[in-house]
Amino acid sequence: HLAGLTPSQIARKLHWPRQTVADTIKRYRTHSSIYDRPRSGRPPMVGIREKRHILLDILRNPSLPFHDHGLAHGLSASAIRSVAKAVGFGRRVMQKSVHINVVHASKRLEWAQANRDQDWSRIIFTDEMSVQRGLVRRTWTTRRKGEATLRQHIAPTFRSGRQSIMVWGAVSRSKKWPLVLLPPGSVSGQVYADEVLAKHLGPMARELRRRIWQPALVVEDNAPIHNGRIATQKREQLHLARLPHPPSSPDLNPIEHLWAWVKWVVAKRIPRANTQEQLWVHVQEAWDEIPMEAVQALIDSMERRRLAVLKARGYYTRY
């Protein structure tokens, strides 16, 4: 066409219909392009105002699945998912954590401020763990990436009396001590003082003191058997110094991560334990498999945990 040929000549030369050639030339004259202009396409099913309402409902009720949100707005679950995905929302497993109220948050904040210059290498982190067979059911929520520690995306857990076996463990940055199997049933303050403090924790503190040439501090949670009169008197006899531990703060005791690892390994083991004796053997083997480098990395994260508590004003952290 630019060379002066007519539409009929071009059609014969290219073996195209003449009307196709004429339409192409007309399109080029009108839009300076031989290609079709972008079409408007199908109008969106969800308008801007309705999208805002959907997102507000998701923010108010993040635990509801997309199907339920769709029923409320007369849309399919896939339509709700598309609206949520456009702003970074997605269905993710709800992170579990112990419940933290205002009083707990205040004490956690005080702890973070008081331990600003703490030497974490002289701390012995201790805790008890109950081990059960089976896996824990997961709970889902709708959130953006990085919002796992917001309160509306936390599934609080509370103490339960169910247990298969109860074990006690202790770690420091320089050593991971063998686990201790506690007597069946509820552990009394007297049993804790005689079987744990006197036989194990006292010698551990003296061993760590000889190794690092400074007094060791012991971390225990706020269970009644730890804070009772019998345990307090036994610690005084053994000259055991405690590092105060705020309530509802498993994230400030790195041994909790080791417990989670042990439970995961035991739960996925095939064949599973059928007796308490077999379960105890499986727990010991899982504990022994944990490398010391992993323990050191967890304890080295304590300063980051402290800063995370300050940033969260005492509430939930990603740990």
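All of these numbers come straight from a predicted model, not from anything done at the bench.

Engineer: Describe the packing of helix α6 (residues 102-114) against helix α13 (residues 302-311), with residues and values.
Structural biologist: One way to put it is that α6 packs onto α13 with a least axis distance of 9 Å and a crossing angle of 130°. Here α6 is positioned oblique relative to α13, judged by the angle of their axes. The two elements α6 and α13 cross, and the hand of that crossing is left-handed. Residues R108, L109, W111, A112 and Q113 of α6 touch α13, and the partners they reach there are M302, R306, V309 and L310. Tallied by class, the residues present in the contact of α6 with α13 amount to six nonpolar, one polar and two charged.

Engineer: Go over the pattern of salt bridges, please, and point to the residues and values.
Structural biologist: Under the definition given, this model contains twelve salt bridges. E147 serves as the salt-bridge partner of R144, at 3.7 Å between the closest nitrogen and oxygen. The class for R144 is partly exposed, based on a relative accessible area of 31%. Owing to a relative accessible area of 18%, E147 belongs among the buried residues under this scheme. D300 is the partner of R173 in a salt bridge, and the nearest nitrogen-oxygen pair spans 2.7 Å. Taken as a pair, R173 in the loop between β6 (165-171) and β7 (180-181) and D300 in helix α12 (residues 292-300) lie far apart in primary sequence, 127 residues in all. Assessed through its relative accessible area of 30%, R173 is described here as partly exposed. What you see here is one network of salt bridges that share partners, running through K175, E207 and R211.

Engineer: Tell me about the environment of K13, and please be specific about residues and values.
Structural biologist: As for its position among the elements, K13 is in helix α1 (residues 7-14). For K13, a relative accessible area of 64% corresponds to the exposed category. Separated by 175 residues in sequence, K13 and S188 place their C-alpha atoms 100 Å apart.

What counts and how
- Residues numbered from 1 in each chain as written.
- Predicted model: local features only at pLDDT ≥ 70, side-chain atom pairs only at ≥ 80, totals over all residues.
- Heavy atoms only, no water.
- Axes fitted to C-alpha atoms, helices over the stretch in contact; angles between N-to-C directions.
- Helix = DSSP H or I, 4+ residues; strand = E, 2+ residues; numbered from the N terminus.
- Parallel < 35°, antiparallel > 145°, perpendicular 65-115°, else oblique.
- Left-handed = near helix turned anticlockwise from the far one by under 90°.
- Contact = heavy atoms within 4.5 Å.
- Nonpolar A, V, L, I, M, F, W, Y, C, P; charged D, E, K, R; others polar.
- Salt bridge = Lys/Arg side-chain N within 4 Å of Asp/Glu carboxyl O.
- Buried < 20%, exposed > 50% of the residue type's maximum accessible area, 1.4 Å probe, protein only.

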